[in-house]
Amino acid sequence: MKGMAPLKGIRLIDLTHMLSGPYGTMLLTDLGAETIKVEPPGRGEGTRQLLAGDPDYSRHGMGAYFLTLNRGKRSVCIDLKSEEGRAVFLDLVRKSDVVFDNFSAGVTERLGIDFAALSAVNPRIITCSVTGFGSDGPDPHRPAFDQVVQAMGGGMSITGLPDGPPLRSGIPIGDLAGGLFGAMGVLAALNERAQTGVGRHVDVSMLDAQISLLNYMGTMHLMSGHVPERLGNGHFVHVPYNAFRTADGYIIIACIGDAFFERLLPVIRRPELEAPEYRLQPGRYADKARIERIVEEELVKDTAANWLTRLREARVPCGPVYDFAQALSDPQVVARDMVVDLPLSQGGSVRVPGNPIKFSGAGPDSFAPPPELGRDTDAVLGSLLGYGPDRIGDLRRAGRVG
């Protein structure tokens, strides 16, 4: 990545697969880390196969998952299950700063590449493991995927309509939050190491991340014992606060507090909403369903664009409910380089979501292509580790690297 690279000089070994781990290492790569993706020889990391042959969602044999999550990374194939491969990996660890994985709990210990083993050869190494349930507790070895931790984390129980089933988030927040917190943990450990000179292991549980996201709602339950229920797109305090139908689509109105409701009244212009008891939140909440029904009765008489213009002029918090095409072409999104061109090493490019972290004084972001399997094995083993052609050739013939 060009533009701003605050992690320049940090070398990251990426042992991740699927979504949570690759997302975490993608974030660190976008911030300038040199990321070496270590994959098993042969087929490589499992995400390489997802959508790889789909005519809509792949380019040059790489699917949308792999293209997006592995931009800017290098690929080295090492057989970590062999003694020779593990020796090569340890040589790589000696020259690196971070090792990031999302193996199931216990896998790094079985492979002999856990924090204790790696810190013995490089006391400065920082390791990060993102797992479903963390490294301890009564049953950390249970398999977990995005929807499992969404369900167990409580968020699904409050998502959906009151009379409907619980719903998962459309965005895989179970996986993504695990990677995000993993990246945050690595950054904190790097800062500490700058002061102590010693690395640390970062243990991130995807379930823990979901519990953290409950935030003030979790505190409310712990204080009162009340179990929140599904409210659809409504709010348990603010009125009107919902997704409302217009003549040609849905918009959001979010009147947080009495002052915004006052601003809404001249826009909606329904006498029923002028009732004195509605001027304060308790009165509005007591009649929430009626107020929101009246608001929607007016909104369906005109288009979303016209209503949004009036609401914005009155400085009422509002917004359109976009589909993906609309969201990814919004002028604000485009102006902030949140859709970028990702070049491909075999020619052409794909458009992908950009980096949301912006730095003052930085130029536009640009991203290096995702790697073909094993593209950088010879370069890394030769230039970085100092292996000669004969040694690399022997390792290749033995299937220890690829």
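Scroll up to find the structure.
Scoring rules and cut-offs
- Position labels on residues start from 1 in each chain and follow its written sequence.
- Side-chain atom pairs in this predicted model are given and counted only at pLDDT of 80 or more, local residue features only at pLDDT of at least 70, and totals for whole chains, interfaces and linings cover all residues.
- Computation of side-chain values: all heavy atoms of the structure, hydrogens and water removed.
- Strands are runs of DSSP state E lasting at least 2 residues, helices are runs of H or I lasting at least 4, and numbering of each runs from the N terminus.
- Relative accessibility under 20% of the residue-type maximum defines a buried residue, over 50% an exposed one, and the middle range a partly exposed one, all with a 1.4 Å probe and only protein chains included.
- Any two residues whose heavy atoms approach within 4.5 Å at even a single point are treated as in contact.
- Residue exposure ignores everything except the shown protein chains as possible cover, and the areas themselves are Shrake-Rupley values with a 1.4 Å probe.
- Note on charges: Lys and Arg go in the positive column, Asp and Glu in the negative column, and His and the chain ends are not counted at all.
- Charge positions are represented by NZ for Lys, CZ for Arg, CG for Asp and CD for Glu.
- Orientation is described by lines fitted to C-alpha atoms, with helices fitted over the stretch in contact, and by angles between N-to-C directions that extend from 0 to 180 degrees.
- Each angle gets one of four labels, with under 35 degrees taken as roughly parallel, over 145 as roughly antiparallel, 65 to 115 as roughly perpendicular, and the rest as oblique.
- Rotating anticlockwise by less than a right angle from the far helix to the near helix defines a left-handed crossing, while the corresponding clockwise rotation defines a right-handed one.
- Three classes are used, and their members are as follows: Ala, Val, Leu, Ile, Met, Phe, Trp, Tyr, Cys and Pro are nonpolar, Asp, Glu, Lys and Arg are charged, and the others, Gly among them, are polar.
- Any carboxyl oxygen of Asp or Glu within 4 Å of a side-chain nitrogen of Lys or Arg constitutes a salt bridge here.
- Two N or O atoms form a polar contact when they lie within 3.5 Å of each other; inside protein one atom must be a possible hydrogen donor and the other a possible acceptor, and for residues adjacent in sequence the pair counts only when both atoms belong to side chains.
- The rule is short: rings of Phe, Tyr and Trp, with Trp giving its six-membered ring, pair when the centres are within 6.5 Å, and they are stacked under 30 degrees, edge-to-face over 60, tilted in between.
- Charge-over-ring placement is defined geometrically: NZ (Lys) or CZ (Arg) within 6 Å of the ring centre, and within 35 degrees of the ring normal.
- Whether two strands pair comes down to DSSP finding at least two bridges between them.

**Q** Explain the overall build of the protein chain to me, using residue names and the numbers behind them.
**A** When its secondary structure is counted, the protein chain shows 16 helices and 13 strands. Expressed as lengths along the three principal axes of its C-alpha atoms, the size of the protein chain is roughly 85 × 50 × 40 Å. Expressed as a percentage of the 402 residues in the protein chain, the buried residues total 44%. Relative to all contacts within the protein chain whose residues are 6 or more apart in sequence, the contacts with residues 24 or more apart total 69%. A total accessible area of about 20,200 Å² is found for the protein chain, and carbon and sulfur atoms account for 56% of it. Side-chain charges of the protein chain comprise 42 positive and 47 negative groups, with the mean position of each set lying 3 Å from the other.

**Q** Break down the packing of helix α15 (residues 377-384) against helix α16 (residues 389-397) for me, with residues and values.
**A** It is at 10 Å that the axes of α15 and α16 come closest, and there the two elements cross at 140 degrees. The angle between α15 and α16 places the two elements in the oblique class. When the axes of α15 and α16 are compared, the crossing they make is right-handed. In contact with Thr377, Asp378, Leu381 and Gly382 of α15, α16 contributes Ile392, Leu395 and Arg396. For the contact of α15 with α16, the residue count by class is 3 nonpolar, 2 polar and 2 charged.

**Q** Outline the pattern of salt bridges, listing residues and values.
**A** Counting across every chain of the model gives 25 salt bridges. Here Glu84 and Arg400 are joined by a salt bridge, their closest N and O atoms 3.3 Å apart. Taken together, the residues span a long stretch of sequence, with Glu84 in helix α3 (residues 83-94) and Arg400 in the segment after α16 at a distance of 316 residues. The exposure class of Glu84 is partly exposed, given its relative accessible area of 38%. Here the residues in one salt-bridge network are Arg270, Glu272, Arg293, Glu297, Glu298 and Lys301, joined through shared partners.

**Q** Which residues make up the environment of Phe367, and what values do they have?
**A** In this structure, Phe367 sits in the loop between β13 (349-353) and α15. Given a relative accessible area of 6%, Phe367 falls into the buried group. For the pair formed by Phe367 and Ile126, sequence separation is 241 residues and the distance between their alpha carbons is 25 Å.

**Q** Could you give an account of the side chain of Ser96, naming the residues involved and the relevant values?
**A** The topology assignment puts Ser96 in the loop between α3 and β6 (98-101). Of the polar contacts made by the side chain of Ser96, one reaches the backbone oxygen of Leu92; its length is 2.8 Å. The contact partners of Ser96, leaving out residues within four places of it in the chain, are Arg11, Ile13, Asn122 and Ile125.

**Q** Could you give me a rundown of the packing of aromatic side chains, with the residues and numbers involved?
**A** Applying the stated criterion to the full structure yields 1 aromatic pair. Here Tyr216 and Phe236 contribute two aromatic rings whose centre-to-centre distance is 6.4 Å and whose plane-to-plane angle is 40 degrees, an arrangement assigned as tilted. A residue pair is termed long-range when its members are at least 10 positions apart, and Tyr216 in helix α8 (residues 206-224) and Phe236 in the loop between α8 and β9 (241-245) qualify at 20 residues. Looking at Arg71, its charged tip hangs above the ring of Phe367, at a distance of 4.6 Å from the centre. Arg310 extends its terminal NZ or CZ atom over the ring of Trp307, reaching a point 4.6 Å from the ring centre.

**Q** I'd like a description of the sheet that holds strand β11 (residues 318-320), backed by residues and values.
**A** Strand order in the open sheet made by the 3 strands is β9-β10-β11, with antiparallel pairing throughout. Looking along the sheet, the strands with just one partner apiece sit at the ends: β9 and β11. Each adjacent strand pair in this sheet contributes to an overall mean axis angle of 20 degrees, direction not counted. Direction of pairing for strand β10 (residues 250-254) relative to β11: antiparallel, over a ladder of 3 bridges. By the bridge assignment for β11, Ile251 is matched with Pro320.

**Q** I'd like a description of the side chain of His235, backed by residues and values.
**A** In this fold, His235 is placed in the loop between α8 and β9. Here His235 falls in the buried class, since its relative accessible area comes to 13%. Polar side-chain contacts of His235 include one of 2.9 Å to the backbone nitrogen of Val237. There is a polar contact of 3.3 Å between the side chain of His235 and the backbone nitrogen of His238.

**Q** I'd love a proper account of the environment of Gly32, names of residues and values included.
**A** Its location among the elements puts Gly32 in the loop between α1 (20-30) and β2 (34-39). When its relative accessible area of 16% is taken as the criterion, Gly32 is described as buried. If near-sequence neighbours (up to four positions away) are discounted, Gly32 is found in contact with Ala5, Leu7 and Lys8.

**Q** Which residues make up the sheet that holds strand β7 (residues 126-131), and what values do they have?
**A** The strand order across the open sheet built from 6 strands is β5-β2-β1-β6-β7-β8, with neighbouring strands paired in parallel fashion. If you trace the sheet from one side to the other, it starts and ends with β5 (74-77) and β8 (201-205), each paired once. Between one strand and the next, the sheet's axes are offset by a mean angle of 20 degrees, whatever the strand orientation. When strand β1 (residues 11-14) meets β6, the two strands line up parallel, connected through 3 bridges. Across the sheet, the residue bridging to Asp14 is Phe100, located in β6. Packed on one face of the sheet, helix α7 (residues 173-196) meets β6, β7 and β8 and runs near 160 degrees to β7.

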